[in-house]
Amino acid sequence: MIVDVHITEKSFGAKLLMQNVKFSVGNGEKIGVIGRNGIGKSTLFNILAETDTDFTGDIIYQRGVVAVATRQEYHDVHEKTTVLEYVLHGLPEYSELSHIIRTYPDTMGDDLRKINRYTDALQRFDDKGFYQVEEQIEREFKTFQLPADIAHRPFVSLSGGQKRLVEIVKIMHSQAHLALIDEPTNHMDYVAKDQFIDWLKHAREAVLVITHDRDVLREVDRIVELKDGGSQTYKGNYDAYLKQNALTTGTQMNDFEMVERRIENLKEKVITYQRLKEKSRNPGTIQRFKRLEERSRKELAELNTREKPTFWIDKESVSDLNYKTAAQYEKFKARNVRIKLRDNESRSKHVLVSARNLRLGYEAPLFEGIDIDLREGEAIEIRGRNGAGKTTLIKALLGDESITRFSGELTLDTGVRYGVYEQEVSPVYFDLALEDAIERLYLDRQLPISVTKIRGLLHDYLFDEGDGKIPLKLLSGGQKARFQLIAMLANDPQLLILDEPTNHLDLPSIEELETALARYSGAILYVSHDGYFREKLQGVVVELKV
Ligand SMILES: Nc1ncnc2c1ncn2[C@@H]1O[C@H](COP(=O)(O)OP(=O)(O)OP(=O)(O)O)[C@@H](O)[C@H]1O
Ligand SMILES: [Mg+2]
């Protein structure tokens, strides 16, 4: 066993996230961690990585175990830190050892203790293979098809997909016993994803991976699901999980229904005993009914403190449910995000986006000869590897003037209302409380907004009352993604531009987004490396290449 986890309480202010999260990780085991957005998965990793110590419970690592972690957010990385520095300083012991090696020769003099530490450091640096590591890392960047000079670029200047790959390279060189990887394949393209999955399959270290990507979940040995403050472990991969989940959810719904019935039953009993008590004349009988009434009230109070469990079954399994369970599920299923898109409108054949002979870059173009015609009711997929220029093309379409190495004809119909789903939240909103960010967003676009409207939006996107007061930067990745959906849909758009919309969203939310888009009457231009999503949208593919 590498680590035993038992968290008995973790809260943020009044919000209780975990009450009973309990599991352990064995040597070399690959475990997928799933759960709805904002449930506490990233928080759990912060606790495991010991960057968050504000919780009750025990995390017991076996002696000598080294754990490394990836991150979901990078806004605290210094703007001058290069990619190579970022990776090196993320390796266990590297910073400490290289600091000693660099500074001690000047300061140690004949301080014997320091001299010893210095020689130990040299030995350890060699043992860990750190003298060759820079070279290996650069080689690894190449296998991931990252640009040749990437190592010396500022880390913050990389695209979302590139940052992810760099994180994985960091993990691969960490020689840790346990790797904690938070949503690795968000922003990865298909080639990189294959390589990651291949590494995962063969890695000697134990891996705990948070992901909503089914291609990754197919390769794990076990799944730990965070739900309703607790955790549940399922043996096997995602397919096995879906089957077990449909079964256990069925049982749990039965239990819940029984509790509900018992509550109704007890309510009636209380009234009956009360009535009988009042009607009785005999003191002994009065006492007896009083006792019975009290006993029922007590049980009722106990049952009423139980919260309704969250019930979710994937759409495919739902279609296989028997009649009774399906009806139960319809009644009890967890609330999902509500995405409102224009539908059933008369469609015009009006061209909203058109491109002729587009080309990006001069001598060695990233792409050239691209033609696009997008009409209302149609969908187009922009396909290409990481760094192929997809986001740049979208920016140029939206009139970003900083994009210069661009030629050809690109027009967006001037009257069209469009909504953009961006990969990252604009820093303008980062420090605002969620409800203020929504207000600001509407005002910035000269759209009407009211307290009632904000409350409605919070509700539709599964935020609870308290979340409105939390600064956007503290929300979970998936909650930020839901804010991006609100931003995209604010002006009731006729054209949607979606850049990797399924990243960060949990599975029920992705299902909901796909359903809403399938009914949408406007035009859609999207970029996605999620095979399942692409299958659903069936857009005409425009491939960016030379
Ligand atoms: N410092 C903080 N102050 C207040 N609330 C916080 C803070 N950090 C996180 N939260 C809240 O805790 C909850 C759990 O967040 P966490 O990032 O762990 O979720 P997650 O399961 O990783 O979600 P996702 O799938 O969206 O990444 C969220 O509701 C978030 O808003
Ligand atoms: Mg998270």
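Residues numbered from 1 in each chain as written. Chains lettered and ligands numbered in written order. Predicted model: local features only at pLDDT ≥ 70, side-chain atom pairs only at ≥ 80, totals over all residues. Heavy atoms only, no water.

## Quick notes on the sheet that holds strand 13 (residues 379–383)
One key point about sheets: their strands pair by backbone hydrogen bonds, in either a parallel or an antiparallel sense. For clarity, the threshold we go by: A strand pair is defined by DSSP finding two or more bridges across the two strands. By definition, any uninterrupted DSSP run of H or I lasting at least four residues is a helix, any uninterrupted run of E lasting at least two residues is a strand, and each is numbered from the N terminus. Axis lines are fitted through C-alpha atoms, for helices just across the contact stretch, and the angle between N-to-C directions can take any value from 0 to 180 degrees.
Strand order in the open sheet formed by 5 strands is 15-16-17-13-18, and the pairing between neighbours is parallel. Every other strand in the sheet has two partners, leaving strand 15 (418–421) and strand 18 (540–543) as the edge strands with one partner each. Averaged over all pairs of adjacent strands, the angle between strand axes in this sheet comes to 15°, irrespective of strand direction. Across 4 bridges, strand 13 lies against strand 18 in parallel orientation. From the neighbouring strand, Ile380 faces strand 18, where its bridge partner is Val540.

## Quick look at the packing of aromatic side chains
Under the convention used in this document: For Phe, Tyr and Trp, rings pair up if their centres lie within 6.5 Å, where Trp contributes its six-membered ring, and each pair is then called stacked (planes under 30 degrees apart), edge-to-face (over 60) or tilted (otherwise). The cut-offs for exposure are 20% and 50% of the maximum accessible area for each residue type, with area from a 1.4 Å probe on protein chains only; residues under the lower value are buried, those over the upper are exposed, and the others partly exposed. The criterion is that NZ of a Lys, or CZ of an Arg, lies within 6 Å of the ring centre and within 35 degrees of the ring normal, and then a charge sits over that ring.
What the rule picks out here adds up to 14 aromatic pairs. The interplanar angle of 75° and the centroid separation of 5.1 Å between the aromatic rings of Tyr94 and Phe130 together place this pair among those described as edge-to-face. Of this pair, Tyr94 sits in helix 3 (residues 94–107) while Phe130 is found in helix 5 (residues 130–143), placing the two residues 36 residues apart along the sequence. Like Phe130, Tyr94 is buried. Ring geometry for Tyr429 against Phe483: centres 5.8 Å apart, planes inclined by 65°, an arrangement best described as edge-to-face. Separated by 54 residues along the polypeptide, Tyr429 in helix 14 (residues 427–430) and Phe483 in helix 17 (residues 477–489) bring together distant segments of the chain. Pairwise contacts between aromatic rings join Tyr94, Phe125, Phe130 and Tyr131 into one cluster. Over the ring of Tyr532 we find Arg214; its NZ or CZ atom is 3.9 Å from the centre of that ring.

## Focus on the packing of helix 2 (residues 83–90) against helix 6 (residues 160–172)
Worth spelling out the cut-off: Helix crossings are classified by the rotation of the near helix relative to the far one: an anticlockwise turn of less than a right angle makes the crossing left-handed, while a clockwise turn makes it right-handed. Contacts are assigned to residue pairs that have any heavy atoms within 4.5 Å of one another. Each residue gets one label: Ala, Val, Leu, Ile, Met, Phe, Trp, Tyr, Cys and Pro are nonpolar, Asp, Glu, Lys and Arg are charged, and the others, such as Gly, are polar.
The N-to-C vectors of helix 2 and helix 6 enclose an angle of 35°; their axes lie 9 Å apart at closest approach. Taken as a pair, helix 2 and helix 6 cross one another with a handedness that is right-handed. Contacts from Val83, Tyr86, Val87 and Gly90 in helix 2 reach Val166, Glu167 and Lys170 in helix 6. Of the residues contributing to the contact of helix 2 with helix 6, the split by class is 4 nonpolar, 1 polar and 2 charged.

## A look at the site of ligand 1
Heads up, the rule is: Note on definitions. A residue lies near a molecule or strand when any single heavy atom of the residue is within 4 Å of it. Two N or O atoms form a polar contact when they lie within 3.5 Å of each other; inside protein one atom must be a possible hydrogen donor and the other a possible acceptor, and for residues adjacent in sequence the pair counts only when both atoms belong to side chains. For each domain, the first and last residues come from an automatic or database assignment.
Not every one of the 21 residues close to ligand 1 is listed here, only the nearest: Lys41, Ser42, Thr43, Ser476 and Gly478. The separation between an oxygen atom of ligand 1 and a polar side-chain atom of Gln479 is 3.0 Å. Secondary-structure elements contributing two or more residues to the shell around ligand 1 are strand 2 (15–18), helix 1 (41–48) and helix 17. Its residues assigned to classes, the shell around ligand 1 shows 6 nonpolar, 11 polar and 4 charged. The residues that make up the shell around ligand 1 include at least three from each of domain 1 (3–76 + 161–236) and domain 3 (351–543).

## Overview of the nonpolar core
Applicable threshold: Residues grouped as a nonpolar core are buried Ala, Val, Leu, Ile, Met, Phe, Trp, Tyr and Cys residues, joined through side-chain atoms within 4.5 Å.
One finds Phe141, Val166 and Ile181 to be the most contacted residues of the largest nonpolar core, which totals 64 residues. Counting residues per element, this core draws most heavily on helix 9 (residues 238–279), at 6 residues. Both of domain 1 (3–76 + 161–236) and domain 2 (241–332) provide at least three residues apiece to this core. Membership of the second largest hydrophobic core comes to 41 residues, among which are Tyr421, Leu434, Phe463 and Leu517.

## A look at the pairing of strand 11 (residues 351–360)
In summary, the side chains of a regular strand alternate between the two faces of the sheet. Sheet topology places strand 11 next to strand 12 (residues 367–375); 7 bridges connect them, and they run antiparallel. Paired with Ala355 across the bridge in strand 12 is Ile372. Where strand 11 lies against strand 14 (residues 406–412), 6 bridges are found, and the strand directions are antiparallel. Within the sheet, the bridge partner assigned to Ala355 lies in strand 14 and is Leu410.

## Topic: the sheet that holds strand 12
Taken in spatial order, the 3 strands make up an open sheet running 12-11-14, and their pairing is antiparallel. Of all the strands in the sheet, just strand 12 and strand 14 have a single pairing partner and so form its edges. Each strand axis lies, on average, 5° off the axis of its neighbour in the sheet, ignoring direction. Sheet strands in contact with helix 13 (residues 390–397) are strand 11, strand 12 and strand 14, and its direction is about 55° off that of strand 14.

## Some points on the pattern of salt bridges
Which entries qualify depends on this criterion: Each salt bridge in this description consists of a side-chain nitrogen of Lys or Arg and a carboxyl oxygen of Asp or Glu lying within 4 Å of one another.
In this structure the tally under the stated criterion is 31 salt bridges. Between Asp467 and Lys15 there is a salt bridge, with the nearest N and O atoms lying 2.5 Å from each other. With Asp467 in the loop between helix 16 (451–460) and helix 17 and Lys15 in strand 2, the pair connects residues that are 452 residues apart, well separated along the chain. Residue class for Asp467 comes out buried when judged on its relative accessible area of 2%. Salt-bridge contacts for Lys193 lead to Asp215; the nearest nitrogen and oxygen are separated by 2.9 Å. Linking Lys193 in helix 7 (residues 190–202) with Asp215 in helix 8 (residues 214–217), this pair joins segments that are 22 residues apart in sequence. Look at the salt bridges and you will find they share partners, linking Lys193, Asp213, Asp215 and Arg218 into a network.

## What about the domain arrangement of the protein chain?
Looking at the assigned domains, one finds that the protein chain contains domain 1 (3–76 + 161–236), domain 2 (241–332) and domain 3 (351–543). Taken together, the contacts link 23 residues of domain 1 with 27 residues of domain 3. Inspection of the domain 1/domain 3 interface yields 2 salt bridges. One salt bridge connects Asp506 with Arg36, and the closest N-O pair in it is separated by 3.2 Å. Linking domain 1 with domain 3 are 9 residue pairs in polar contact (both at pLDDT 80 or more). Of the residues contributing to the side of domain 1 that touches domain 3, the split by class is 5 nonpolar, 9 polar and 9 charged.

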